[in-house]
Amino acid sequence: MVQLEGGLFRMGSDRHYPEEAPAHLVRVDAFAIDETPVTNDQFARFVAATGYVTRAEIAPRPEDYPGALPECLQPGSAAFVPLDAPVPSGVLLPWWRYVVGANWRHPYGPDSSVEGLGDHPVVQIAHADAEAYAAWAGKSLPTEAEWEFAARGGLEDAEYAWGGELTPGGRHMANTWQGAFPNENLVEDGFARTSPVRAFPPNVYGLYDMIGNVWEWTEDWYVARHAADAGKPCCAPQNPRSLDRAGSIDPADPAQIPRKVLKGGSHLCAPSYCRRYRPAARQPEAIDTATTHIGFRCVLRG
(Lines give C-alpha, C1' and ligand atoms only; values in the text may rest on other atoms or scores of the structure.)
Protein backbone atom coordinates (compact mmCIF):
# COMPACT_ATOMS: atom_id res chain seq x y z
CA MET A 1 0.00 0.00 0.00
CA VAL A 2 1.00 3.63 -0.46
CA GLN A 3 0.54 6.01 2.47
CA LEU A 4 -1.00 9.38 1.55
CA GLU A 5 -1.05 12.37 3.90
CA GLY A 6 -4.41 13.62 2.70
CA GLY A 7 -5.23 17.29 2.32
CA LEU A 8 -7.31 19.80 0.41
CA PHE A 9 -8.02 19.32 -3.31
CA ARG A 10 -10.50 20.31 -6.00
CA MET A 11 -12.78 17.37 -6.78
CA GLY A 12 -14.89 16.98 -9.91
CA SER A 13 -14.84 18.92 -13.17
CA ASP A 14 -16.93 21.58 -14.91
CA ARG A 15 -15.48 20.78 -18.33
CA HIS A 16 -16.81 17.31 -19.15
CA TYR A 17 -19.85 15.22 -18.22
CA PRO A 18 -22.61 16.81 -16.10
CA GLU A 19 -22.35 14.23 -13.29
CA GLU A 20 -18.78 15.42 -12.61
CA ALA A 21 -19.93 18.94 -11.78
CA PRO A 22 -19.56 21.16 -9.95
CA ALA A 23 -15.86 21.21 -9.22
CA HIS A 24 -15.55 21.81 -5.49
CA LEU A 25 -13.02 21.87 -2.67
CA VAL A 26 -12.82 18.76 -0.49
CA ARG A 27 -10.51 17.72 2.34
CA VAL A 28 -9.55 14.12 3.13
CA ASP A 29 -7.64 12.70 6.08
CA ALA A 30 -4.54 10.57 5.73
CA PHE A 31 -5.04 7.04 4.42
CA ALA A 32 -3.18 4.22 2.72
CA ILE A 33 -4.32 2.81 -0.62
CA ASP A 34 -3.42 -0.31 -2.58
CA GLU A 35 -0.66 0.35 -5.09
CA THR A 36 -2.62 -1.56 -7.75
CA PRO A 37 -6.10 -2.96 -8.28
CA VAL A 38 -6.63 -6.34 -6.63
CA THR A 39 -5.31 -9.02 -8.99
CA ASN A 40 -6.55 -12.47 -9.94
CA ASP A 41 -3.79 -14.04 -7.84
CA GLN A 42 -4.73 -11.97 -4.78
CA PHE A 43 -8.43 -12.74 -5.14
CA ALA A 44 -7.66 -16.43 -5.60
CA ARG A 45 -5.83 -16.45 -2.26
CA PHE A 46 -8.88 -14.87 -0.62
CA VAL A 47 -11.21 -17.51 -2.11
CA ALA A 48 -8.86 -20.33 -1.11
CA ALA A 49 -8.70 -19.06 2.46
CA THR A 50 -12.42 -18.43 2.93
CA GLY A 51 -14.35 -20.51 0.38
CA TYR A 52 -16.09 -17.31 -0.73
CA VAL A 53 -18.54 -17.59 -3.65
CA THR A 54 -19.03 -14.47 -5.78
CA ARG A 55 -22.34 -13.04 -6.90
CA ALA A 56 -21.82 -14.20 -10.48
CA GLU A 57 -21.49 -17.81 -9.29
CA ILE A 58 -24.96 -17.78 -7.67
CA ALA A 59 -28.22 -18.05 -9.61
CA PRO A 60 -30.31 -14.85 -9.33
CA ARG A 61 -33.66 -15.17 -7.56
CA PRO A 62 -36.64 -14.65 -9.93
CA GLU A 63 -38.46 -12.53 -7.33
CA ASP A 64 -35.58 -10.03 -7.36
CA TYR A 65 -35.69 -9.58 -11.14
CA PRO A 66 -39.29 -9.32 -12.39
CA GLY A 67 -39.60 -10.17 -16.07
CA ALA A 68 -36.06 -11.56 -16.40
CA LEU A 69 -35.45 -14.03 -19.21
CA PRO A 70 -34.91 -17.64 -18.05
CA GLU A 71 -31.30 -17.66 -19.30
CA CYS A 72 -30.57 -14.65 -17.11
CA LEU A 73 -31.64 -16.56 -14.00
CA GLN A 74 -28.67 -18.89 -14.19
CA PRO A 75 -25.25 -18.18 -12.65
CA GLY A 76 -23.39 -15.83 -14.95
CA SER A 77 -22.59 -12.23 -15.64
CA ALA A 78 -22.13 -9.50 -18.25
CA ALA A 79 -19.34 -9.86 -20.80
CA PHE A 80 -18.19 -7.42 -23.45
CA VAL A 81 -18.65 -8.75 -27.00
CA PRO A 82 -16.84 -6.79 -29.77
CA LEU A 83 -19.04 -5.86 -32.72
CA ASP A 84 -18.23 -6.03 -36.42
CA ALA A 85 -19.98 -2.83 -37.46
CA PRO A 86 -20.96 0.55 -36.01
CA VAL A 87 -24.02 0.58 -33.78
CA PRO A 88 -27.21 1.96 -35.38
CA SER A 89 -28.74 4.99 -33.72
CA GLY A 90 -31.11 4.15 -30.89
CA VAL A 91 -29.68 0.70 -30.14
CA LEU A 92 -28.77 0.52 -26.45
CA LEU A 93 -25.48 -1.10 -25.37
CA PRO A 94 -25.53 -4.10 -27.77
CA TRP A 95 -21.93 -4.95 -26.93
CA TRP A 96 -22.92 -6.40 -23.55
CA ARG A 97 -24.23 -9.96 -23.22
CA TYR A 98 -25.36 -11.92 -20.18
CA VAL A 99 -23.16 -15.01 -20.39
CA VAL A 100 -24.07 -18.10 -18.38
CA GLY A 101 -20.98 -19.36 -16.59
CA ALA A 102 -19.10 -16.06 -16.67
CA ASN A 103 -17.41 -15.27 -13.34
CA TRP A 104 -14.06 -14.14 -11.97
CA ARG A 105 -12.38 -17.43 -12.95
CA HIS A 106 -13.99 -17.41 -16.41
CA PRO A 107 -14.53 -13.72 -17.26
CA TYR A 108 -15.95 -14.21 -20.76
CA GLY A 109 -17.76 -17.50 -20.11
CA PRO A 110 -16.95 -21.14 -19.31
CA ASP A 111 -14.48 -21.43 -22.20
CA SER A 112 -12.39 -18.51 -20.96
CA SER A 113 -9.85 -18.55 -18.14
CA VAL A 114 -7.60 -16.36 -16.03
CA GLU A 115 -4.74 -18.84 -16.34
CA GLY A 116 -1.60 -16.85 -17.06
CA LEU A 117 -3.38 -13.62 -16.00
CA GLY A 118 -2.46 -13.69 -12.32
CA ASP A 119 -1.13 -10.12 -12.41
CA HIS A 120 -4.20 -8.75 -14.22
CA PRO A 121 -6.97 -7.08 -12.19
CA VAL A 122 -9.70 -9.44 -11.06
CA VAL A 123 -13.00 -8.71 -12.83
CA GLN A 124 -16.59 -9.96 -12.68
CA ILE A 125 -16.73 -8.56 -9.16
CA ALA A 126 -19.99 -7.22 -7.72
CA HIS A 127 -19.86 -4.63 -4.95
CA ALA A 128 -20.50 -7.18 -2.19
CA ASP A 129 -17.62 -9.30 -3.51
CA ALA A 130 -15.25 -6.33 -3.26
CA GLU A 131 -16.48 -5.57 0.26
CA ALA A 132 -15.97 -9.19 1.33
CA TYR A 133 -12.37 -9.17 0.11
CA ALA A 134 -11.68 -5.85 1.79
CA ALA A 135 -13.06 -7.09 5.12
CA TRP A 136 -10.94 -10.26 4.89
CA ALA A 137 -7.86 -8.12 4.23
CA GLY A 138 -8.65 -5.82 7.18
CA LYS A 139 -9.26 -2.89 4.84
CA SER A 140 -12.15 -0.96 3.27
CA LEU A 141 -13.21 0.24 -0.13
CA PRO A 142 -12.26 3.87 -0.79
CA THR A 143 -14.72 6.71 -0.70
CA GLU A 144 -15.13 8.57 -3.97
CA ALA A 145 -13.20 11.52 -2.52
CA GLU A 146 -10.32 9.33 -1.32
CA TRP A 147 -10.14 7.58 -4.67
CA GLU A 148 -10.07 10.83 -6.65
CA PHE A 149 -7.50 12.41 -4.32
CA ALA A 150 -5.23 9.41 -4.87
CA ALA A 151 -5.77 9.35 -8.64
CA ARG A 152 -4.90 13.02 -9.07
CA GLY A 153 -1.49 12.49 -7.53
CA GLY A 154 -1.32 16.06 -6.30
CA LEU A 155 -1.61 17.52 -9.82
CA GLU A 156 -4.03 20.40 -9.28
CA ASP A 157 -6.75 20.63 -11.94
CA ALA A 158 -4.96 18.29 -14.41
CA GLU A 159 -7.19 16.51 -16.90
CA TYR A 160 -5.42 13.17 -16.44
CA ALA A 161 -3.62 11.42 -13.62
CA TRP A 162 -0.29 12.28 -15.30
CA GLY A 163 -0.93 15.80 -16.64
CA GLY A 164 -2.74 17.64 -19.40
CA GLU A 165 -2.32 15.37 -22.43
CA LEU A 166 -3.89 11.97 -23.03
CA THR A 167 -0.82 10.57 -24.79
CA PRO A 168 2.15 12.87 -24.06
CA GLY A 169 4.73 12.52 -26.80
CA GLY A 170 2.63 9.75 -28.32
CA ARG A 171 3.07 7.51 -25.26
CA HIS A 172 0.05 5.63 -23.92
CA MET A 173 -0.20 6.17 -20.18
CA ALA A 174 -3.15 3.86 -19.49
CA ASN A 175 -5.05 0.92 -20.95
CA THR A 176 -7.90 2.50 -22.90
CA TRP A 177 -9.59 1.97 -26.28
CA GLN A 178 -8.08 3.29 -29.51
CA GLY A 179 -10.29 3.40 -32.59
CA ALA A 180 -14.03 3.70 -33.23
CA PHE A 181 -15.87 2.05 -30.34
CA PRO A 182 -17.27 -0.65 -30.28
CA ASN A 183 -16.26 -2.17 -33.61
CA GLU A 184 -12.70 -0.96 -34.20
CA ASN A 185 -10.05 -1.68 -31.58
CA LEU A 186 -6.65 -0.61 -32.91
CA VAL A 187 -4.86 -1.90 -29.77
CA GLU A 188 -2.21 0.82 -30.08
CA ASP A 189 -1.52 0.54 -26.35
CA GLY A 190 -0.81 -3.19 -26.71
CA PHE A 191 -3.88 -4.58 -24.92
CA ALA A 192 -7.29 -5.51 -26.31
CA ARG A 193 -8.65 -6.48 -22.88
CA THR A 194 -7.17 -6.11 -19.39
CA SER A 195 -3.45 -5.60 -18.86
CA PRO A 196 -1.01 -6.44 -16.05
CA VAL A 197 -1.52 -3.96 -13.23
CA ARG A 198 1.97 -2.47 -13.63
CA ALA A 199 2.02 -2.34 -17.43
CA PHE A 200 1.72 1.47 -17.50
CA PRO A 201 3.58 4.16 -15.51
CA PRO A 202 2.39 5.04 -11.99
CA ASN A 203 1.16 8.49 -11.08
CA VAL A 204 3.15 10.90 -8.91
CA TYR A 205 2.03 9.06 -5.78
CA GLY A 206 3.35 5.76 -7.11
CA LEU A 207 -0.11 4.31 -7.79
CA TYR A 208 -0.73 2.13 -10.83
CA ASP A 209 -3.83 1.82 -13.01
CA MET A 210 -5.80 4.60 -11.35
CA ILE A 211 -6.91 5.35 -14.88
CA GLY A 212 -8.04 2.75 -17.44
CA ASN A 213 -7.75 -1.03 -17.36
CA VAL A 214 -10.80 -1.57 -15.08
CA TRP A 215 -13.38 0.61 -13.38
CA GLU A 216 -13.08 0.50 -9.58
CA TRP A 217 -15.81 0.29 -6.93
CA THR A 218 -16.08 2.93 -4.20
CA GLU A 219 -18.12 3.09 -0.98
CA ASP A 220 -20.30 6.02 -2.08
CA TRP A 221 -23.90 5.71 -3.19
CA TYR A 222 -24.37 7.45 -6.54
CA VAL A 223 -25.80 10.94 -6.80
CA ALA A 224 -26.30 12.71 -10.12
CA ARG A 225 -24.22 15.78 -9.19
CA HIS A 226 -21.68 16.83 -6.60
CA ALA A 227 -22.60 19.20 -3.81
CA ALA A 228 -21.98 22.90 -4.44
CA ASP A 229 -18.55 24.33 -3.69
CA ALA A 230 -18.29 25.88 -0.24
CA GLY A 231 -16.24 28.70 -1.76
CA LYS A 232 -13.61 28.85 1.00
CA PRO A 233 -10.96 26.28 1.99
CA CYS A 234 -12.00 26.61 5.62
CA CYS A 235 -15.51 25.42 4.78
CA ALA A 236 -14.60 22.51 2.49
CA PRO A 237 -16.30 19.25 3.53
CA GLN A 238 -14.08 16.83 5.45
CA ASN A 239 -14.06 13.21 4.23
CA PRO A 240 -17.38 13.55 2.37
CA ARG A 241 -19.46 10.47 1.63
CA SER A 242 -22.76 9.92 -0.14
CA LEU A 243 -25.00 7.90 2.19
CA ASP A 244 -28.34 8.07 0.33
CA ARG A 245 -28.91 4.44 -0.72
CA ALA A 246 -32.52 5.02 -1.79
CA GLY A 247 -31.59 8.11 -3.79
CA SER A 248 -29.05 6.12 -5.78
CA ILE A 249 -31.71 3.94 -7.45
CA ASP A 250 -32.54 4.58 -11.10
CA PRO A 251 -36.34 5.16 -11.23
CA ALA A 252 -36.45 3.39 -14.61
CA ASP A 253 -34.92 0.18 -13.21
CA PRO A 254 -37.71 -2.40 -12.68
CA ALA A 255 -35.58 -4.28 -10.14
CA GLN A 256 -34.84 -1.07 -8.18
CA ILE A 257 -31.21 -2.01 -7.46
CA PRO A 258 -29.19 0.65 -5.56
CA ARG A 259 -26.08 1.99 -7.30
CA LYS A 260 -22.56 2.82 -6.16
CA VAL A 261 -19.98 5.11 -7.78
CA LEU A 262 -17.35 3.64 -10.10
CA LYS A 263 -14.14 5.56 -10.79
CA GLY A 264 -11.25 5.50 -13.24
CA GLY A 265 -12.61 4.31 -16.57
CA SER A 266 -11.53 1.08 -18.24
CA HIS A 267 -9.95 -0.49 -21.32
CA LEU A 268 -13.32 0.11 -23.05
CA CYS A 269 -13.20 3.92 -22.67
CA ALA A 270 -12.67 5.58 -26.05
CA PRO A 271 -12.44 9.21 -27.19
CA SER A 272 -15.30 8.50 -29.60
CA TYR A 273 -17.64 7.15 -26.91
CA CYS A 274 -16.63 7.38 -23.24
CA ARG A 275 -13.98 9.92 -22.23
CA ARG A 276 -14.00 8.78 -18.63
CA TYR A 277 -10.30 7.96 -18.36
CA ARG A 278 -9.83 10.90 -15.97
CA PRO A 279 -9.71 11.30 -12.17
CA ALA A 280 -12.88 13.41 -12.13
CA ALA A 281 -14.91 10.92 -14.15
CA ARG A 282 -17.55 8.86 -12.37
CA GLN A 283 -20.27 6.42 -13.29
CA PRO A 284 -23.16 4.71 -11.47
CA GLU A 285 -23.28 0.92 -11.29
CA ALA A 286 -25.91 -1.35 -9.74
CA ILE A 287 -24.40 -3.12 -6.75
CA ASP A 288 -25.42 -6.55 -8.06
CA THR A 289 -23.61 -6.04 -11.35
CA ALA A 290 -20.32 -7.68 -12.29
CA THR A 291 -18.70 -7.27 -15.69
CA THR A 292 -15.49 -7.88 -17.60
CA HIS A 293 -14.30 -4.33 -16.92
CA ILE A 294 -15.02 -3.73 -13.21
CA GLY A 295 -12.51 -4.39 -10.41
CA PHE A 296 -11.48 -2.64 -7.19
CA ARG A 297 -8.71 -1.68 -4.80
CA CYS A 298 -8.73 -1.13 -1.03
CA VAL A 299 -7.77 1.53 1.50
CA LEU A 300 -6.66 1.52 5.13
CA ARG A 301 -7.62 4.49 7.31
CA GLY A 302 -6.09 5.70 10.53
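Small disclaimer: the values here were computed from a predicted structure and weren't measured.

A. Broad picture of the sheet that holds strand S9 (residues 282-286). Strand order in the open sheet formed by 4 strands is S9-S8-S7-S10, with mixed pairing between adjacent strands. The open sheet has two edge strands with one neighbour each: S9 and strand S10 (294-295).

B. Fine view of the side chain of Thr 36. Residue placement: Thr 36 occurs in the loop between strand S4 (31-33) and helix H1 (40-50). Looking at Thr 36, the relative accessible area reads 8%, which means it is buried. In contact with Thr 36, not counting residues within four places along its chain, are Val 197, Arg 198, Tyr 208 and Arg 297.

C. Region of the structure containing the packing of aromatic side chains. The final tally for this structure, using the stated rule, is 21 aromatic pairs. Each ring, one from Phe 46 and one from Trp 136, has its centre 5.3 Å from the other, and the planes form 50°; the classification is tilted. Taken together, the residues Phe 46 in helix H1 and Trp 136 in helix H2 (residues 127-136) connect sequence positions 90 residues apart. Pairwise contacts between aromatic rings join Phe 43, Phe 46, Tyr 52, Trp 104, Tyr 133, Trp 136 and Phe 296 into one cluster. Over the face of the ring belonging to Tyr 17 we find Arg 276, whose NZ or CZ atom lies 3.7 Å from the ring centre.

D. Seen up close, the packing of H1 against H2. Where H1 contacts H2, the axes come no closer than 11 Å and their chain directions differ by 75°. Classed by the angle they form, the pair H1 and H2 counts as roughly perpendicular. Contacts between H1 and H2 involve Gln 42, Phe 43, Arg 45, Phe 46, Ala 49 and Thr 50 from the first element and Asp 129, Ala 132, Tyr 133 and Trp 136 from the second. Of the residues contributing to the contact of H1 with H2, the split by class is 6 nonpolar, 2 polar and 2 charged.

E. A nonpolar patch on the surface, seen in detail. On the surface, a cluster of nonpolar side chains totalling about 330 Å² of accessible area is made up of Leu 92, Leu 93 and Tyr 273. On the secondary structure map, Tyr 273 appears in the loop between strand S8 (259-263) and S9. Its relative accessible area of 39% is what places Tyr 273 among the partly exposed residues.

F. A look at the nonpolar core. By size, the foremost hydrophobic cluster in this structure holds 40 residues, and its most contacted members are Leu 4, Phe 31, Ile 33, Phe 43, Ile 125, Trp 217 and Phe 296. Those elements that provide at least two residues to this core are strand S1 (2-4), strand S2 (7-11), strand S3 (24-28), S4, H1, H2, helix H3 (144-152) and strand S7 (215-221). Looking at this core element by element, the count peaks at 5 residues for H3. Each residue touching Phe 43, except ones within four places of it in the same chain, is listed here: Val 38, Thr 54, Trp 104, Val 122, Ile 125, Asp 129, Tyr 133 and Phe 296. Within the second largest apolar cluster, 7 residues are counted, among which are Phe 80, Leu 83, Trp 95 and Leu 268.

Reading the values: rules and limits
- Residues numbered from 1 in each chain as written.
- Predicted model: local features only at pLDDT ≥ 70, side-chain atom pairs only at ≥ 80, totals over all residues.
- Heavy atoms only, no water.
- Pairing = 2+ DSSP bridges.
- Helix = DSSP H or I, 4+ residues; strand = E, 2+ residues; numbered from the N terminus.
- Buried < 20%, exposed > 50% of the residue type's maximum accessible area, 1.4 Å probe, protein only.
- Contact = heavy atoms within 4.5 Å.
- Phe/Tyr/Trp six-rings, centres within 6.5 Å; stacked < 30°, edge-to-face > 60°.
- Lys NZ or Arg CZ within 6 Å of the ring centre and 35° of its normal.
- Axes fitted to C-alpha atoms, helices over the stretch in contact; angles between N-to-C directions.
- Parallel < 35°, antiparallel > 145°, perpendicular 65-115°, else oblique.
- Nonpolar A, V, L, I, M, F, W, Y, C, P; charged D, E, K, R; others polar.
- Patch = residues over 30% accessible without salt bridge, like charges linked within 9 Å, V, L, I, M, F, W, Y side chains within 5 Å.
- Areas by Shrake-Rupley, 256 points an atom, 1.4 Å probe, with all protein chains shown as cover.
- Salt bridge = Lys/Arg side-chain N within 4 Å of Asp/Glu carboxyl O.
- Core = buried A, V, L, I, M, F, W, Y, C linked by side-chain atoms within 4.5 Å.

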